[in-house]
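Coordinates in review
Chain by chain, the residues run as shown.
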Amino acid sequence: MITLENVSKRFEDVWAVDNVSLTMQEGSVFGLIGTNGAGKTTMLRMVTGIMRPDSGRILIDEKPVFNQEQAIREFYFIPDEPFFFRNATPRDMEKYLATVYEEFASLPFYEYLEKFGLPREKKISTFSKGMQKQLAIICGLCSNTKYLICDETFDGLDPVMRQGIKSILANHMDQRGLTPIIASHNLRELEDICDHIGLLHKGGVLLSKDLLDMKCNIQKIQCVFATEEEADKARQQMDILQMDKRGMLYTITARGPREEIMAYFAGLDTVFYEVLPLSLEEIFISETEVVGYDIKKIVFN
Amino acid sequence: MTSRKLFLTDCRENFKRRNWVFWLQFLAYFVSFPGALILGLNNVQRGYAYDPTQMMRRLDSFTKQVLNLNLWISALIVGLAVLVGIQGFSWLHDKKQVNFYHSQPVSRGRRFLVIWFNGIAGFLVAYLINLVLGLGVASSYGCLSAEVLAQIPQAILGHLLLFLSIYHVAIVAVMLTGYTLVSLMGTVVLLAYEVGLRAIINEYAQQFFYTYSSWESENILNPFFSPLILFFRYQVNRYNGPYSRLHYSYSESMFTMAGLVLLYGILGWLLYKHRASESHGKSISFSKVKEPLRVLLLLVMGTLGGLFVYSVSGSSEVLGIAGAIFVTIIGHGVIQLIYEVDFKAIRKNLPGLGISVLLVTAFFVFFRWDLMGYDDKIPDKDKVESLALVLEDRYWDGRRVLPDGTEVSIDNYLYTELKLKDVDLVYQLLDNRISYEGYGSGQNNNVSGMEVVFRLKNGKTRYRVLYIDKDDNLEVLNEIFHSEEYQKVTSQVMEDDFVDNFRIFQAEYDNGRMNYALPAEQVRALVEAYVKDVQNADFSELYYGIPIGRLTIGGEGIQNPKYVNEWRVAIYPGFDHTCALLRQEGILPQAVCDEDYLASIRSVSLYYYEDTGSTQITGPEAVEMAREIVKKRILLVKEDSGLTREDYEEDTALAGFYPVEEVRLKEVLDSSYLQEMDSVDQYRYETGEEVYEVIVEQYTGQPSSTGGEAYADTKTDYGEGYYSDHYFLQADQVPEFLKQMGVFPE
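Residues numbered from 1 in each chain as written. Chains lettered and ligands numbered in written order. Predicted model: local features only at pLDDT ≥ 70, side-chain atom pairs only at ≥ 80, totals over all residues. Heavy atoms only, no water.

**Observations regarding the environment of A:Leu212**
Residues and elements named next belong to chain A. Counting through the fold element by element, Leu 212 comes out in helix H8 (residues 211-217). On the accessibility criterion, Leu 212 (56% relative accessible area) is exposed. Here the alpha-carbon distance between Leu 212 and Cys 194, two residues 18 residues apart in the chain, equals 9.4 Å. (Helix = DSSP H or I, 4+ residues; strand = E, 2+ residues; numbered from the N terminus. Buried < 20%, exposed > 50% of the residue type's maximum accessible area, 1.4 Å probe, protein only.)

Now the structure itself:
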């Protein structure tokens, strides 16, 4: 488990991370979302011990991380711009990483290279940006660390490759309990992989919730009420986050389990109703609007 | 994997990343050791094939030169140490690499240690392998002597300390900065700043303090924090012997270097430890350093600019201060540009600029108007252990030879060896010092500047130039002059065992034009007579009197034949013992003119200055200017020379033309003395004192050269048999016939 307790970091006059407390559980995929400049990279650089927080503390499995070899041994960090040695080939990187990470899996490394179609003896500098990201992910996976921390790693990958990597991540999670932590400015990229989402805005955590909880507890209902009195009744009795009306058609976003909502609407006098699945995007819009933010400006710009 | 094994693995991996630096070093040392030896020794072998002895000497000398601490290798080491230091740690300037390395399970301390160790190991391996190869080459040429081998450990230690110190300075620069280019600039600043500031303070003091001695400038090369200057100071002064002002022994120099290695090593480590990872891309990685550094840099830039403008503007204080402020503002802009890499940033941080401007202006004002009263103060008498005095216009010989045969400047020797312990006596003289204005006016030629060395009880040494009126202080000067310590240090001939320490192979007396060889067996007696005469002499005679001749003694050390020198001392009319011996040898009474010399003379010119009243003579520069206007010539030609006034039609300075008998010319020359006899009177002559310059034109009919050649100060050969001799004639010695002729204006 990675714990951040009241962590702050300031660059000159700007608080890049401001009093953040967060917990990233083992065995789940933690998604860190936020716009450019929200503090994602800074937070990850502190989590990985690259930077020292100005205040607060960061623990990885109860151990402080900054300049602590034992704690750092638990993760592999893939930054937004991965570094490879000048003129190095994938083989050179494997040789180097094998000296740094005691459990580095060399055989799977070459297997992955083949699967991804990356030549082992070709200079990495000749690889495309996407290929370099693939290689960075392979390096990370084969380091066999408990945590894999990815900063904007999936940006620039094509959808097929993204799906492939997601599936490999899932395998590693199943087989050896890998805990990926993925930061992105694009919510849609995290939607189908993350179990838990932390939303960063201007250095602070806007919310941190389990994705399933969020999905199960918010429903979107489209309906046509028989009378306006029925609509008023629903407005008063339900925990409504949002309610729009176009003509006779109401679109309601309400908090509550799907079964409960279905049962409630069954008892109302409606011409038509249906409960629709919510996208992560819609959930976020609803959740953040409740706390007074216009999420469209924060994430979906 | 054990920790030890892992360390070596880390080293190997690190080496892979930077092996080009190693090979570059290897190549450089290969060229400098075996390469240079093969080429050089081969060259010597071919060039001296005709003389095997000479060849072996040269081979040996060249090998010693290459395999010792030499300037070329040292300069190479400096450059490579900077490269190794910056290259090793420049990853800290790259965000991608910082992310990569700092997120790996290798502690920061270990990473530092691996890179640091690899840098040193790379140097040592490249250096030592090539040194061994060099020894092999020397051996194959048969010039690997025990002497060469003996100097090797010294060279290795010296070069290692040089490498380590510069390497650590470069590491400190990398840690303090966030760009490689700025690191390079930082290295230069760290190595040169202190020396630069010292040089500026020295220049200001020289410019504005009239009692400031140029000997204080040695402090420029006495930095506390620049290993580069310390090492090269040692290198340069190694050749100058123990009486070099900046002499430092090998052990002293190496000990200091080792101290700096430690200092910069610890500093580099601490900075690395506390350097924030996010410092990459910033010019200065520690924000607290930025402002003090800016002020320090602007202080040097502004004060230098101020001094430059002050000098080129004809010493205008207003322009000097304006120049200092202007350069400070420009410097501020440049530093802002470097700090923020943004042209618009040059207008920022105006309070910092204001502080710098104030500081630079205060610096200029402080020196220009001597606000600390430097010129008014000399060290307290109670704090002085001993003193040395070096009078500007001293009479003694300017050279000394040390027991190892090294020739030493008398200045260096005096500054080290002259220790006048009677502080009260010397302070009687110093307390009568006068201001510089009295010295520069040209009104009083008895005022003389003298260098004074104050050796303080706390071990420090201070140098001053102080001005005294010799006429007013003759008694004290005489007493100082007669002190044993003064006489023995100022002249080697005065030393007790002088005659016993040398095999004299030459002794000669001359009056500037005519030489008389003396028998070697008379030298001891002559020296003893001379020592007695000097001990009895009055200072004023030595200073004001004109020597009748000089005694030149050539000798070599009995114990060390390298110990060779030629001593030349002046003989004054009052030197009774010496003169008696010279009379006994038939040398005195002497004649300046013998018959042949007299027969060859065609004319005698007497030059004097005519005061036109149009120019106020206030100093040497003004005199130089005035000379063009008022210098006049009286020409006495031998009656039978055939010269007529028409021959000198174009000489506008000619004030009188007088054909005279040969005997009259002899009278003039017998009253004159050759220029070589006394340098003091050259100054008197230039300032228009009662001294005339006398040029004798000769025709011998025996051309000895193609012309234009000067023999010392006295004789010039114009070719085709024409020569000239240079004399002076004091006003009170002017022959009666000239006075009667009224050739000089009243």
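**Here we look at the sheet that holds strand S9 (residues 196-201) of chain A**
Remark on secondary structure: sheet strands pair via backbone hydrogen bonds, oriented parallel or antiparallel. Residues and elements named next belong to chain A. Spatially, S6-S7-S8-S3-S9-S10 is the arrangement adopted by the six strands of the open sheet, whose pairing is mixed. At either end of the open sheet lies a strand with only one pairing partner, and these are strand S6 (75-78) and strand S10 (204-210). Going from strand to strand, the sheet's axes swing by 15° on average, the running direction of each strand aside. In this structure, S6 lies alongside strand S7 (residues 147-151), joined through four bridges in parallel fashion. (Pairing = 2+ DSSP bridges. Axes fitted to C-alpha atoms, helices over the stretch in contact; angles between N-to-C directions.)

**Details of the pattern of salt bridges**
All names here are of chain A. Counted by the stated rule, this structure contains 36 salt bridges over all chains. Across the salt bridge formed by Lys 146 and Asp 61, the nearest N and O atoms sit 2.7 Å from each other. Residue Lys 146 is found in the loop between helix H5 (129-142) and S7, and its partner Asp 61 is found in the loop between strand S4 (55-60) and strand S5 (63-64); the two are separated by 85 residues along the sequence. Judged by relative accessible area, which is 26%, Lys 146 ranks as partly exposed. Residues Arg 73 and Glu 69 are paired through a salt bridge, measuring 3.0 Å at the closest nitrogen-oxygen approach. (Salt bridge = Lys/Arg side-chain N within 4 Å of Asp/Glu carboxyl O.)

**Focus: the packing of aromatic side chains**
All names here are of chain B. Applying the stated rule across the entire model yields 62 aromatic pairs over all chains. Measuring from ring centre to ring centre gives 5.8 Å for Tyr 29 and Tyr 127, while their planes differ by 85°; the resulting arrangement is edge-to-face. Of this pair, Tyr 29 sits in helix H2 (residues 19-47) while Tyr 127 sits in helix H6 (residues 108-140), placing them 98 residues apart in sequence. Assigned by exposure class, Tyr 29 and Tyr 127 land together as buried. Taken together, the aromatic side chains of Tyr 204, Phe 208, Phe 209, Tyr 212, Tyr 310, Phe 363, Phe 364, Phe 366, Phe 367 and Tyr 374 make up a single cluster linked through ring pairs. One Lys or Arg, Arg 368, reaches over the ring of Trp 369 and ends 5.2 Å from the middle of that ring. (Phe/Tyr/Trp six-rings, centres within 6.5 Å; stacked < 30°, edge-to-face > 60°. Lys NZ or Arg CZ within 6 Å of the ring centre and 35° of its normal.)

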